[in-house]
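Examining the three-dimensional arrangement
What follows is each chain in one-letter form.
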Number of protein chains: 2
Amino acid sequence: LTADDQPKRSQHHVVVLGDGGWGTAIALTLSNSVEDVRLWSYDPEYAKLMRETRRNPKYLPGVKLPPNLRISSNVEDIMADVDAIFSVIPSQYLRQTLDGLALDVKARVPVVSCSKGVEKRTLALPSDILKQRFPGRDIIIFSGPSHAEEVAHQLPTTVVAAADNIDQAIFVQNLFENTRLRVYTSRDRRGVELGGAVKNVVAIAAGISDGLGFGDNSRAAIVCRGLVEITRLGIALGARRETFSGLSGMGDLITTCTSPHSRNRGVGLRVGKGERLADILRSTEMVAEGVETSRSVHELKHQVGVEMPIAEEVYQVVHEGKNPEEAVSTLMSRAVKEEIEDLI
Amino acid sequence: LTADDQPKRSQHHVVVLGDGGWGTAIALTLSNSVEDVRLWSYDPEYAKLMRETRRNPKYLPGVKLPPNLRISSNVEDIMADVDAIFSVIPSQYLRQTLDGLALDVKARVPVVSCSKGVEKRTLALPSDILKQRFPGRDIIIFSGPSHAEEVAHQLPTTVVAAADNIDQAIFVQNLFENTRLRVYTSRDRRGVELGGAVKNVVAIAAGISDGLGFGDNSRAAIVCRGLVEITRLGIALGARRETFSGLSGMGDLITTCTSPHSRNRGVGLRVGKGERLADILRSTEMVAEGVETSRSVHELKHQVGVEMPIAEEVYQVVHEGKNPEEAVSTLMSRAVKEEIEDLI
């Protein structure tokens, strides 16, 4: 892109922590609307390679990185005068990565959480970890249906920025002005984060259904009733019901449950076809977040005391070796209820 | 199926009006749980063919019709002692078909409306037409993500039966007991009917997006924001917001917007690739309900006074020849708002 195409870059300085596909796509998109964008990589060697080749071949192949995107593994180097930090570190590594970083951030600098998942054992959400590391600061959640490759190729995409203080969400929204990443704002931080965190469990269920040879009707039922379960958990944890009908809830869930690229749906598909989880995990390098999350959700729903029959069957199939067809029979033979009233 | 497989058929007498794929699949499914099921066809010749071959080759090929399913085009013949009527006549033919039938139905017999769409010119929903034809009777709406072929092959499927009087919905639910068609109940008749009626307009938009080469992110955005529009229209017409997050709203919408079999998505796909609507309609015998519905919704939203930007762009592209890329630009350049609050 030439200067003529993008005459209106803002004068902000933005840091993106994490060189995965999603972090790189966010940094790339911001380079169109913000003057100074800095991408931090954990690995000095890999940062050097990206700097020299202007590519991220491992996590976002086929995409050219723009000249105004600075790449570094030296955190002090890139933190000077920063106006916003995007944290895009995988949730299971977030705590240890932050602990190893000498991040000296002014209190006014907003921290935007873009990670999805629930931390093992602690059951913490990414923003909980960020809040512990940056006490007293506003954390903004950034979530929605957004395959990194599509965002990097500037295909139209919508996400939500959620914050307790709506002005912080609007600040993030404005950073993406004139890009093809449309940012809606929300005041329901917890709800927006939970949708992204729990969706992968339902994606495994959708995959199992497909693996058993069921069709569109069954998958739609799993997505809908799965969303009811996520909503129920969310309401119990203080989220707003409406949020789960939005981009970060239903939107992200649809994409994860129908895309042929979803790793979590893929794991379910193979389980549904009769493979054992251990064999599947041995055969792939990819991390299927939902396998861990299904264990966390299993514990969480007991703590909170909500009913999540689909999540429970996924846990049983994935971690307790239950036969997938038997799991479907269990779901099908539950008493059918009134659709709306059983939500709360 | 032998008597041993289905020991618990109820002693009801049920009539299904309409021999299309969905009507036949409903009749077929009911044959597993109800002793006496009667399928009415408009065409005496075709009824004879179905009766003799135990097949419906035109609308539900590859499926064997069970022995306890009676097929007739003689309405008097099949209306004796009936306990429930399922109306599965296409919405654009519903009024004239009912007018031609000498249906003498007792006031206590519930009428279940399974048609989707909005009638041209009058903007009536199928249940409005049924209410005019059967005044003073309860109409139950039966809707959800349910490809007829999958239902006929007994793949797990969920739908909603909605009625002002919940006992009527429970009666319909019980008719399907022990089948693989799981029926949830609802008190929001209008909301359940509207979801199915308007979804095809959004499906055309999803197809256009795919035809333009956009990806999963864009499609998810269209489904989510499209559902916001349907919900907005629904609330203005007296429906409950929550209904649209359920099977008859979001569930049916997902299936229609992602399935390769959806005719409406297919029309959008070809429009997005640059074909003209007239040429598309000339080249196919299939009816794409959404083309008509987009005109009805265009009028309806003006009458009711709600904003439906996606539906409006579909109308502009399909009926006014607007360039699809320009339509996307219009949508992308709208001011972005707070996600939840802009609903009402």
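Predicted model only: the values in this text are computed from it and were never measured.

In the Ramachandran plot, Arg121 of chain A falls in the positive-phi region, its phi being about 60 degrees despite a non-glycine side chain. Residue position: Arg121 of chain A is located in the loop between strand 5 (111-113) and helix 5 (126-133).

What follows deals with the interface of chain A and chain B. A common way to state how big an interface is: give the accessible area lost once the parts meet. Of the residues lining the interface, 57 residues belong to chain A; the matching set on chain B comes to 57 residues. Between chain A and chain B, roughly 4900 Å² of surface is buried when both sides are summed, and carbon and sulfur atoms account for 57% of that area. Interface area lost by chain A to chain B is led by Arg182, Asn217 and Glu339 of chain A, which between them contribute 15%. Joining chain A to chain B, the criterion identifies four salt bridges. Across the pair Arg241 of chain A and Glu242 of chain B runs a salt bridge whose closest N-O atoms are separated by 3.5 Å. Connecting chain A to chain B are 33 residue pairs in polar contact (both at pLDDT 80 or more). Counting residues per element, the ones that place at least two in the side of chain A that touches chain B are helix 6 (148-152), strand 7 (157-162), helix 7 (166-175), strand 8 (181-186), helix 9 (216-236), helix 10 (247-258) and helix 15 (324-332) of chain A. Broken down by element, the side of chain A that touches chain B gets its largest block of residues, nine residues, from helix 9 of chain A. In the side of chain A that touches chain B, the residues fall into 23 nonpolar, 20 polar and 14 charged.

Turning our attention to the pattern of salt bridges. Under the definition given, this model contains 46 salt bridges over all chains. The shortest N-O distance in the salt bridge between Arg95 of chain A and Glu119 of chain A comes to 2.8 Å. Highlighted residues: Arg95 of chain A in helix 4 (residues 91-99) and Glu119 of chain A in the loop between strand 5 and helix 5, separated in sequence by 24 residues. Since its relative accessible area comes to 26%, Arg95 of chain A is described here as partly exposed. With a shortest N-O distance of 3.0 Å, Glu275 of chain B and Arg270 of chain B are connected by a salt bridge. Using a relative accessible area of 35% as the deciding quantity, one classes Glu275 of chain B as partly exposed. Taken together, the shared-partner salt bridges in this structure form one network comprising Asp210, Asp216, Arg219 and Arg265 of chain A.

Moving on: the sheet that holds strand 7 (residues 157-162) of chain B. All names here are of chain B. Reading across the sheet, the eight strands line up as 3-2-1-4-5-6-7-8 and stay open at both edges, with mixed pairing between neighbours. For this open sheet the edge positions go to strand 3 (69-72) and strand 8 (181-186), each flanked by a neighbour on one side alone. Each strand of the sheet is rotated relative to its neighbour by a mean of 25 degrees, with strand direction disregarded. In this sheet, strand 8 lies alongside strand 7 in parallel orientation, the contact comprising six bridges. For Val160, the partnering residue across the bridge sits in strand 8 and is Tyr184. Along the sheet face, helix 1 (residues 21-30) touches strand 1 (10-17), strand 2 (34-40), strand 3, strand 4 (84-87), strand 6 (139-143) and strand 8 and points at about 165 degrees away from the line of strand 2. Along the sheet, helix 10 (residues 247-258) contacts strand 6, strand 7 and strand 8; its crossing angle with strand 7, the most-contacted strand, is approximately 145 degrees.

With that settled, consider the sheet that holds strand 7 of chain A. Pairing between the strands of a sheet is mediated by backbone hydrogen bonds and can be parallel or antiparallel. All names here are of chain A. Pairing is mixed in the open sheet, where eight strands are placed in the order 3-2-1-4-5-6-7-8. A strand with exactly one partner marks an edge of an open sheet, and here the two such strands are strand 3 (69-72) and strand 8. On average, adjacent strands in this sheet sit at an angle of 25 degrees to one another, irrespective of strand direction.

The next subject is the environment of Val118 of chain A. Residues and elements named next belong to chain A. Note that Val118 resides in the loop between strand 5 and helix 5. For the pair Val118 and Thr293, spaced 175 residues apart in sequence, the C-alpha separation works out to 5.9 Å. Discounting chain neighbours no more than four positions away, the residues touching Val118 are Ser91, Gln92, Leu123, Ala124, Leu125, Ala197, Glu289, Thr293 and Ser296.

Below, the discussion takes up the state of the cysteines. Counted under the stated rule, the structure contains zero disulfides over all chains. Take Cys257 of chain A: it sits in no disulfide, and the sulfur closest to it among the cysteines is that of Cys224 of chain A, at 10 Å. Residue Cys114 of chain B stays outside any disulfide, its sulfur separated by 19 Å from that of Cys224 of chain A, the closest cysteine. Relative accessible area serves as the criterion here: at 3%, Cys114 of chain B is assigned to the buried category.

Residues and elements named next belong to chain A. Most of helix 14 (residues 309-320) sits out of view: nine of its 12 residues are buried. Of the positions making up helix 14, those classed as buried are Pro309, Ile310, Ala311, Glu312, Glu313, Val314, Tyr315, Val317 and Val318. Taken together, the buried residues of helix 14 touch helix 8 (189-211), helix 9, helix 11 (263-272), helix 12 (277-282), helix 13 (289-304) and helix 15. With its phi angle positive at about 70 degrees, Gly321 sits one or two positions after the end of helix 14.

With that settled, consider the confidence of the model for chain A. Looking at chain A as a whole, the pLDDT averages 91, with 96% of positions reaching at least 70. For this predicted complex, the interface confidence score (ipTM) comes to 0.91, while the overall pTM stands at 0.91.

So, on to the relation of the copies chain A and chain B. Superposition record for chain A on chain B: RMSD 0.0 Å, screw rotation 180 degrees, translation along axis 0.0 Å. As the rotation angle and translation indicate, the two copies are arranged about a two-fold axis. Among all residues of chain A, the one whose C-alpha sits closest to the rotation axis is Ser245 of chain A, at a distance of 3.0 Å.

Our focus in this paragraph is the packing of aromatic side chains. Two aromatic rings are characterised by how far apart their centres lie and by the angle between their planes. Residue and element names in this part refer to chain A. Under the defined criterion, the tally for this structure stands at 12 aromatic pairs over all chains. Between the aromatic rings of Tyr46 and Tyr59, the centroid separation amounts to 6.1 Å while the plane-to-plane angle is 75 degrees, which identifies the pairing as edge-to-face. Taken together, the residues span a long stretch of sequence, with Tyr46 in helix 2 (residues 44-53) and Tyr59 in the loop between helix 2 and strand 3 at a distance of 13 residues. Take Tyr59: its relative accessible area is 37%, and that puts it in the partly exposed class. Arranged with centres 5.3 Å apart and planes meeting at 20 degrees, the rings of Phe142 and Phe176 form a pair that is stacked. In this pair, Phe142 is assigned in strand 6 (residues 139-143) and Phe176 in the loop between helix 7 and strand 8, connecting sequence segments 34 residues apart. Of the two residues, Phe142 and Phe176, neither departs from the other in class, the shared state being buried. Among the aromatic side chains, those forming a connected cluster through ring pairs are Trp22, Phe86, Phe142 and Phe176. A cation over a ring is seen here: Lys58 above Tyr46, with NZ or CZ 5.1 Å from the ring centre.

Basis of the calculations
- Residues numbered from 1 in each chain as written.
- Chains lettered and ligands numbered in written order.
- Predicted model: local features only at pLDDT ≥ 70, side-chain atom pairs only at ≥ 80, totals over all residues.
- Heavy atoms only, no water.
- Helix = DSSP H or I, 4+ residues; strand = E, 2+ residues; numbered from the N terminus.
- Contact = heavy atoms within 4.5 Å.
- Buried area = accessible area lost by both parts, 1.4 Å probe.
- Salt bridge = Lys/Arg side-chain N within 4 Å of Asp/Glu carboxyl O.
- Polar contact = N/O pair within 3.5 Å; in protein donor to acceptor, adjacent residues only side chain to side chain.
- Nonpolar A, V, L, I, M, F, W, Y, C, P; charged D, E, K, R; others polar.
- Buried < 20%, exposed > 50% of the residue type's maximum accessible area, 1.4 Å probe, protein only.
- Pairing = 2+ DSSP bridges.
- Axes fitted to C-alpha atoms, helices over the stretch in contact; angles between N-to-C directions.
- Disulfide = S-S within 2.5 Å.
- pLDDT = per-residue confidence, 0-100.
- Least-squares fit on C-alpha atoms with pLDDT ≥ 70 in both.
- Phe/Tyr/Trp six-rings, centres within 6.5 Å; stacked < 30°, edge-to-face > 60°.
- Lys NZ or Arg CZ within 6 Å of the ring centre and 35° of its normal.

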